Amino acid sequence: MDDALIPEGAKRCGFPTFMIGIVIVGAVLLWGVYAMFLCWFKGLNQTNMNDYYGFALWIWADLAVIAVGGGAFFTGLLKYIFKVDELKNIINFAVIIGFICYSSALLILAIDIGQPLRGWFIFWHANVHSMLTEVAFCLSCYFAVLTIEFIPNILENRQANKVPFFHHLAHNMHGVMAVFAATGAFLSFFHQGSLGGVAGVMFGRPFAYREGLLIWPWTFFLFTWSAAAFGPCFTLLVTKITEIITGKKLVGDKTVHLLAKISGWMITTYIIAKIIDTIYWAWVTVPSMGFKLSHFYSNNGFYGYWILITEVILCGVVPGLLLINKSTRENPATRTIAIILGVIGVCLNRWVMVLQIMAVPVMSFDTWALYIPSWQEVATTILPVAYGIILIAVAYRYLPVFPQELELNKSADAAAQN
Amino acid sequence: MIENKKAHKFGMVIDLDKCTGCGACMVSCMAENNVPFKEDESNKKDSITWMRVYRLTNGKSFPETQIAYIPRPCQHCGGIGDHGHSPCVSVCPATATDYGYDTGIVSQIYTRCFGCRYCMGACPYHARYFNWWDPKWPEGMENYLSPNVSPRMRGVVEKCSFCYHRYQLAREQAIVEDREIEEMEYQTACTTACPAGAIVFGDLNNPAHKVHQIVKPDPHPDPLNHKVVGKSRNPKVFRLLERLGTNTKVYYMSDREWVRKAGDNYLKGEWENVKTHHGASSSHG
Amino acid sequence: MKIDRRSFLGLGLGAAAGIALSPVGVKLTDDSSIWTQNWPWTPVPEDGEITYDRSVCSLCPGACGISVRKINGRPVKIEGLDDYPINNGGACLHGISGLQYLYDPARIKTPLKKTGNKFEKISWDEAIALVAQTLGKIRESGTPESLGLITGADSGSMAQLFARFMDAFGSPNTYTMPSLESNLALTAAALHGADRRLGFDLDHSDFILSFGAALIEGWGAPVACIQANASRCERKAKLVQVDYRLSNTANTADKIIAVKPGTEADLALGLCAVLLTKAQISTGRLFGDVNKFAFATMVVKEYTPAKVEAITGVKAADIEALAMEFIKAKAPVAVPGKGRGDVGQSLREFAAVQTLNALAGRLNKEGGVFVMGPADYLNFPENVMDEVAEKGAGKDQLAGSVNELVDTLEKNGGLSALFIYNANPCYVLSNPEKVKAAMDKVGFKVSFSSFMDETALRSDVILPASIFLERLEDVVSGAGLAKTVVGLCRPMVKPVFDTKHPGDALILLAQAMGHSIAQSFAWESYDSCLGEVAEKIWENLSGDGYVVIDDRPPAGTPATDFSFLASGPKAAEVMGEGDYTLVPVDKMRLAGGSMASSPFAVKTVSDKVISGKYSVVEINPATAGALKDGDVAVLKTAMGTAKVKIGFNEGIMPGVIGMPRGLGHAFNNPYVAGKGVNVNDLIGPVIEPGSGLDAAFGVKATLSKA
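Along every chain, residues carry numbers that run from 1 in the direction the sequence is written. By the order in which they are written, chains take letters starting at A while ligands take numbers starting at 1. Local features are withheld for residues below a pLDDT of 70 in this predicted model, meaning they are given only at 70 or higher, and side-chain atom pairs are given and counted only at 80 or more; totals for whole chains, interfaces and linings count all residues.

**A look at the interface of chain A and chain B**
In plain terms, the rule: Contacts here follow a simple rule: the backbone-placed C-beta atoms of the two residues must lie within 7 Å. Helix and strand definitions here come from DSSP, where helices need a minimum of 4 consecutive H or I residues and strands a minimum of 2 consecutive E residues; each element is numbered from the N-terminal end. In the scheme used here, Gly and all other residues not listed as nonpolar or charged are polar, with Ala, Val, Leu, Ile, Met, Phe, Trp, Tyr, Cys and Pro taken as nonpolar and Asp, Glu, Lys and Arg as charged.
Of the residues lining the interface, 41 residues belong to chain A; the matching set on chain B comes to 46 residues. At the level of elements, helix 5 (121-124), helix 6 (131-155) and helix 12 (332-359) of chain A are the ones that each hand at least two residues to the side of chain A that touches chain B. Tallied by class, the residues present in the side of chain A that touches chain B amount to 22 nonpolar, 15 polar and four charged.

So this is what it looks like as C-alpha cells:
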C-alpha cells in the first residue's frame, strides 16, 4: 500500500510486517515519552539523582550518543574534505545515525535540566568561560548542519524527487555539501572537545581534572579524538545490525574495510594518547592534589581497577589492534567483535568521566556515593533508542540510503525471482 | 568597582574546638533564608542544608575517640590564583552564579538558573543543592517566610550566599549615612546564632577585623603551590582542600593536629612536611 | 480559487514560516520562562518595614532572651537577644525554629471535646462550661482531692496559678514531671532543707567534674551552658566528664572517666571516701551537719577505691588521683544529672555528687554550687478556701511522685479528674503504655496543651493554649543556673488560632465554678493578674524585659543532712536480661521532653540518628557481633521490641547501646512524628524508694539481625 514511496527497484517487507515492528518499538517509545512527561510535570524528583549526583545516567547517555554519533562528522570530513570517495556508500547512513544521536542528545538535555522552559538562557545569558556554553552552541549549530545534510537524502524519496524544485534542491545541496561537512567537522571538533572539557576543567574534582593546552584540558582533545575513532565503529555496528534485520548486504566490503581501517588507526593512536594521559594524570596531576591513584579505585562497592583496564585495554587497545590488522579486520567475526568492543569502550569512557567523578569522595571525611537510576531515567534513556530504530526503519524503507543496495542484492533478488 | 575604595573580601573562620555540633547555625540559616523542608530529610544527599555540619572522628576506640564537627557553608571560592574563577562560577553556562569582585561572594541567581547542575558537579564541598521538589510549607507556615530572600522554585540550584541580603541592608544604611559598613553591621545568620561563638565573620581584607587578625591571610601566592593565595599564617588555621587551589574564604581553626590534617588530602609523609608551613612570609622568615 | 493539495501545502508552509519569523515564538518563549520564575505555587513573602521585638523563649527551662524580627508586624525570624543575662545573643536551634511551632500541623486550633473516639470542635464557652460542670459535680460529691494535676512548670506565676486553683478546689494531688530542676530541688530538700534550688556556677569554676551531664547538649539552660563551656575553654578551666559514651560534652572535655552505665553514684561516693581518708577532710569540718559520722563511716568502709573499681570499672589509682585533683583545684564543682538530668535519674546519684561538693567545701562558693532560696518575686493575694477546699487540701497525696502516681492509678485508680498542663507523660515517662493505661483509669482529663501530642490525644476536653509567642508570661530561669533571672515573655503575634492563654482559661474556669474558687480568681485576665502579683518587679520587668533577682553566691554555708546516704541506699537494678545495656542518648538537635522537635530541628539530625523510619542506635563495632553498620536489627528488652538500624560508633563503651531520645512521636506532624522509636517504650520504670524517682538509667537488651 505504500509501494509508491519505496525507492525504485528496492525490495521491502510488507507494510503490515513493517507496522508490527513499528508498533512494538513504538510501545517502548511511548513508555519513554510517559517517563519524560513525568519528569517534566513532576520534576526531577522522579529520578534517583541527588545532590551528589547532579550529573548521572542522562548526562552519560548524552555524552555517549554524541561520541558514537561522531561517525557522522568524521565520515563527512573524510568524504568531502579528504575526498575519500569510497565512503559515499555509507555517508548517508552515517548522517542519519548522527542526526538520531544529536536529536536524542538535545531531547535528553531538555529532560535533564531542571527548568526546561528556561533552557534558552544558555544562549541568552551565555557564560563564555563555560564548557557547557560551548557545547550548547556547537551542538545546536551542528544539529542544524546534520539536518541540512539529511535533507537531500529525504528529498531523494521517490515522490518528493518528482517535484522539480525538490529535485534540483537536493542536487544542488549535494554540490555544496563540502561546505557543510567542513562546518560540521569544525563544530564537532569543538563540541566533542568541550564535552571532554566539561569534566577536565573541574579543578575541584581531582578524578576529572586534567592539565592541558591553553584553556583546553587534555580531555578536550581526547574526547574529540575518541569520537572520531569510535564514531565510525558505531556507524559500522548499526550498519551491521541493519543488514542482519533486513537480511541484505547494504554496504560493500570495500567501504566497510576502509572505514574499519581508518577507525582502527584512530583508536590505536587515541588509546596511546589516553594511556599517556592516564599515566601523567596518575603520576603527576593527582599526587599534586594529595591523592594516590588507588583512592579512586578502592573502598567502594563498584569502581575498581577493572573499569580502567576494561576501558583502556579490553575496549581500547584490543579493538584498535584488531582493526589495524588486515586479517582480523577483514574477518567479519573479529571485525564485529572489535567494533562492539570499541563502542562499549567509548561509552565506558563517558560513564567514567561522568558518574565515577561524582562517586569519588574529595574531602577526606566524605564518603563514596553510588547510584542506581530510577525507571524513569532508564525509560527516558531507552526512548532515543526506540526513536532511532523507528527513524532508521522509516528512512531505510522510503529513502535511497544505501547507494549500493540494489547492486549488492541483484543476484539475491534474481535468485528469489527464479 | 569604585577605584579608590578597596574591595571587600568577606570570609569567616570557624573554631572547630569551640563548635559543639549543636546545629544552631544550620537552623538559623534555614530560617533566615527560607530553606524548605520535607517529610523525610534523613537522606542527606537530597536535603537542602546551605550550612551543613559534618561529623568526623579520629577513628580511635572509646574512650580515646575524638569527634570534630565541621560546619560547611558555601566556601565562596576565589578559584585558582584567587582571580574569581570559582569551580562553580567558571562552569555555569548561563551566568546564573557569579563572583562579586567587590565582596568576594559567590552569588546564585535563582531566576536565571535553568538547573543543569554542572556547578554541583564542579563543587567538591557539596555546598550546592538542587530543588528536586517544589518547596512546600504546611498550611499557614509560609507566613513566617522572609521577603529578603526569595523562596526558590523547583528545578534550580541554591546555596549559601553569606546572607548577602544582610550585606545589602547594611550597605544601604551605610550609603545613606555616608560611611563604611561596620564590622558588626554585616554578620551572617550562622555567625550570630552560634551559641559557642565559634564563627567569626568579617572582611579578610580589613586588618581591623577580627577574622583578618585570626587568619592573617598571606596576600602572596604560596611558594609551594602557586595556585594557592591567601593561605593563613596562623599555624592553627587551615582551609578545606586548599591544595586544589579553590582558594576558599571559609577558614577553620583547631588545636588538634588530626583535625587540621583532615582538612585536605596528603600522600604518605607529606603532612609531616607541610604541617608547619603556613604561607610565604613564615616560610621565608 | 481552487485549493488543491499543492497550494494547501504551500499555505501551510508559508504560515509556519510566517509564525516562525513573527515575534510570537519569541514572545511565547520569553513568557514561558517568566512564568517559571513566578510559579503561583511558590510563595512570595510580603515585603514591608523591618522591626525587632524582644521576648523570652519558654520552649525549655533555659529561658533565653529572644529578638523577633518582624515584617509589617509579621514575625519572620527568631534570634538570640544581645546582652540578655542568660544567653547574651546566643540561641539554640529549637528557639530559632520557634516560629515553626506557631504553624505546627499538630497545633490544636479550637477547644475540643471527645465524643466516642473522636474530637469534636466546641466553643470556648461550651468548653469552660463543660469542665466547670464536671468539676462542680466532683466538688459536690465531697471528694475534691480526686482532681489531679500533672504539670511541667514548677515556677513562675502560671505554676502558682495552677497550684492556687488546686488549693481553692481542695486537692493536694499536684505532680510535677521529672526535670533537672525538680531533681535538684529534691536533692536540696534531702540534703539542705525544703524549698531550695541548686545552681552550678560553671562560669567561675576552674575544674568541672561532670557526672555524665550533657552540658552542651541540653543540660540545664542549654545556651548558657554552651557559652559557659566556650568560656571554660578560653579560661583553660578543666572539664572531666564521667561517661560511658563520647557525648559531645565528653568530646569537649579534657579528660573522660569511662564508667559502666549507672555507676556514677558509686564513683562519686568513692571520691568522697578518698577525700575523707587521703585528703584529710575531717568530718569535724562538716560542722553542724546531720549524720555526718554515720555517713563517713559507711562511705569509708563501703566505697574503698578497690570496691569502687570493681563496680564502676575505673581503676582505683585513677579514682584516688581524680579525688586529689578535684580537691586541689581552686574552684572545683561536681555536676550531677547525666544526659539532660531529667528522666532516669536517682536521688542517690544526685545526693552523692552534691555530697562531694559539700565535702570539698564548695557550697555557696564562687565557682561552686549555690544553695538558693526560691525566686521570691510574686505576691498572690490570700487564697479563698471554703470548707470543702480546706478538707480536701488537708488530705494525703495519692502518691509521692508522678511515677508512683502512674503506678497507683494503673492499679487502683483514685482520680476522677486530671488536669495536664505543660506535660506529655504519655511520651516522656518510661513505659508509656502503662501511663496510657493509668490515664484511662481517670474519668475526666482536661488538657491545656497547644499541640495534639500523645497525652492530649487521650484527653476528654482540650482547652488549647496559646504558645509562648502568643502570650504574656513571667519566665524564671532555673535549671541548674547559678543566677536567677525573671524574663518577660510577651506576645509577638496575635493568637493564630482560637486558643487562649492557659492563665485566662484557668481564670475563666474558676469564675465559671463560682463560690470561693471564683473569689480566689477575681482577675479580669491573666495579664492583669500578672501585673498585680508581680508588682514588686513589674516596672523593671516590663521596661527592661528582665530582672536579675540574684547572681551572687548566697551568704553562709548551708548545713548538710547526710541521713539519706548514710542509710546506704542501693543502686537501681537494671531490668531484664541481655548482653547489652540499652541507654537513652540525649541529642542537642532533638527535643526530648514534652516539647517535640520542630521540622527544622529534625532536618538537621544526622543520618546516624534517624534513617528513614528508623532510629539508628549507637553500638561499638567491637561488640556488634555479626551485625554490620546500617543493618536493620531487632532490639529486645523486658518492656518491648523495636526494629532499629545499627550505627557503628567507636565512641561508645563496648556492650552499651545508645538510642536517641526524642524520636518515635505519634501524632499528626509528618515532619517530626513517625520517625524511629520512643526509647521510653523499651524502658520500664524502676522507682527509687525514698525519692519516688524513676531511676531506670537503662535496661538490659538483646540485639539480633532482622
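Moving on, there is more to tell.
**Considerations on the interface of chain C and chain B**
In this complex, chain C contributes 61 residues to the contact, which on the side of chain B involves 49 residues. Of the residues belonging to the side of chain C that touches chain B, the class tally is 34 nonpolar, 17 polar and ten charged.

**A word on the confidence of the model for chain C**
Where we set the bar: A residue's pLDDT is the predictor's confidence in that residue, given on a scale from 0 to 100.
With 98% of its residues at a pLDDT of at least 70, chain C reaches an overall mean of 92. Reported confidence for the predicted complex is 0.94 by ipTM and 0.93 by pTM.

**Some thoughts on the packing of helix 5 (residues 124-140) of chain C against helix 19 (residues 502-513) of chain C**
Residues and elements named next belong to chain C. Heads up, the condition is: Only the stretch in contact is used when a helix axis is fitted, and all axes are lines through C-alpha atoms; the angle between N-to-C directions ranges over 0 to 180 degrees. Roughly parallel means an angle under 35 degrees; roughly antiparallel means over 145; roughly perpendicular covers 65 to 115; every other angle is labelled oblique. Handedness of a helix crossing follows the sense of rotation of the near helix relative to the far helix, less than a right angle counterclockwise being left-handed and clockwise being right-handed.
Packing of helix 5 against helix 19 leaves a shortest axis separation of 9 Å and a crossing angle of 55°. Here helix 5 lies oblique to helix 19, going by the angle between them. Seen from above, helix 5 lies across helix 19 with right-handed handedness. Counted together, I128, A129, V131, A132, L135 and G136 of helix 5 and L508, L509, A512 and M513 of helix 19 form the full contact between these two elements. Of the residues that constitute the contact of helix 5 with helix 19, the class distribution is nine nonpolar, one polar and no charged.

**Looking at the packing of helix 8 (residues 218-246) of chain A against helix 12 of chain A**
Residues and elements named next belong to chain A. Close contact between helix 8 and helix 12 brings their axes to 9 Å; oriented N to C, the two are set at 130°. Compared by their axis directions, helix 8 and helix 12 come out oblique. Crossing hand, helix 8 versus helix 12: left-handed. Across from S226, F230, C233, F234, L236, L237 and K240 in helix 8, the residues of helix 12 making contact are T336, I339, I340, G342, V343, G345, V346 and N349. For the contact of helix 8 with helix 12, the class distribution of residues is nine nonpolar, five polar and one charged.

**Here we look at the domain arrangement of chain C**
Put simply, the rule reads: Each domain span listed reflects an automatic or database assignment of domains.
Here chain C is partitioned into domain 1 (5-37), domain 2 (202-367) and domain 3 (573-705). A straight line from the C-alpha centre of domain 1 of chain C to that of domain 2 of chain C covers 81 Å.

**What to know about the confidence of the model for chain B**
One rule of thumb: low pLDDT means the predicted coordinates there are not for detailed reading. Overall, the predicted model of chain B reaches an average pLDDT of 92, with 95% of residues at or above 70. Ignoring residues within four places in sequence, the model shows residues 280-285 of chain B, a span with pLDDT below 50, making nine contacts including any to other chains.

**Focus on unusual backbone geometry**
All names here are of chain B. Cut-off, in case you're wondering: Three exposure classes are used, based on other C-beta atoms lying within 10 Å of a residue's own C-beta, which is placed from the backbone: buried for 20 or more, exposed for 12 or fewer, and partly exposed in between.
Between F62 and the following residue, P63, the backbone shows a cis peptide bond with an omega angle of 0°. Within the secondary structure, P63 is located in the loop between strand 2 (52-57) and strand 3 (67-72). Its identity is not glycine, yet F162 carries a phi of approximately 55°, on the positive side. Assignment of secondary structure puts F162 in the loop between strand 7 (157-158) and helix 3 (164-176). According to the C-beta neighbour criterion, F162 is buried, with 28 such atoms within 10 Å.

**Topic: the sheet that holds strand 11 (residues 255-258) of chain C**
All names here are of chain C. The condition is simple: Strand pairing is assigned whenever DSSP detects at least two bridges linking the two strands.
The four strands lie next to each other as 11-10-9-12, forming an open sheet whose pairing is parallel. For this open sheet the edge positions go to strand 11 and strand 12 (332-335), each flanked by a neighbour on one side alone. When strand polarity is set aside, the average angle formed by the axes of neighbouring strands in this sheet is 15°. Pairing geometry for strand 10 (residues 238-243) and strand 11, over four bridges, is parallel. Residue pairing in the sheet places V242 in a bridge with I257 of strand 11.

**Some thoughts on the nonpolar core**
For clarity, the cut-off: The term nonpolar core refers to a group of buried residues, namely Ala, Val, Leu, Ile, Met, Phe, Trp, Tyr and Cys, whose C-beta atoms join them within 7 Å.
Judged by nonpolar contacts, the single largest core of 451 residues is most densely connected at F230 of chain A, I14 and A24 of chain B together with A268, L271 and C272 of chain C. No other element matches the 15 residues that helix 4 (residues 88-112) of chain A contributes to this core. Looking at which domains feed residues into this core, each of domain 2 (202-367) and domain 3 (573-705) of chain C gives three or more. Apart from residues no more than four positions distant in its own chain, F230 of chain A is found in contact with A67, V68, I267, G342, V343, G345 and V346 of chain A.

**Looking at the sheet that holds strand 1 (residues 50-56) of chain C**
Residues and elements named next belong to chain C. With antiparallel pairing, three strands are arranged side by side in an open sheet as 1-2-3. Across the chains shown, the open sheet's two edge strands, defined by having one partner strand only, are strand 1 and strand 3 (74-80). Looking at each pair of strands side by side, their axes are set apart by 30° on average, direction ignored. As paired elements, strand 2 (residues 65-71) and strand 3 share six bridges and run antiparallel to each other. Within strand 3, the position partnered with S67 by the bridge is E79.

**A short note on the environment of G443 of chain C**
Residue and element names in this part refer to chain C. Take G443: it is sitting in the loop between helix 18 (432-440) and strand 15 (444-447). The class of G443 is partly exposed, set by 14 C-beta atoms lying within 10 Å. Once residues lying within four places of it in the same chain are set aside, the contact partners of G443 are S416 and A417.

**Examining the pairing of strand 9 (residues 207-210) of chain C**
Residue and element names in this part refer to chain C. Here is the rule: Looking down the strands as they point away from you, a crossover is right-handed if its path from the first strand over the helix to the second goes clockwise.
Because side chains alternate across strand 9, one face comprises the buried residues F207 and L209, and the other comprises I208 and S210, equally buried. As paired elements, strand 9 and strand 10 share four bridges and run parallel to each other. Following the sheet pairing, S210 is matched in strand 10 by Q241. For the crossover that starts at strand 9, traverses helix 8 (residues 222-235) and ends in the parallel strand 10, the hand is right-handed. Relative to strand 12, strand 9 runs parallel, the two sharing four bridges. Following the sheet pairing, L209 is matched in strand 12 by A334.

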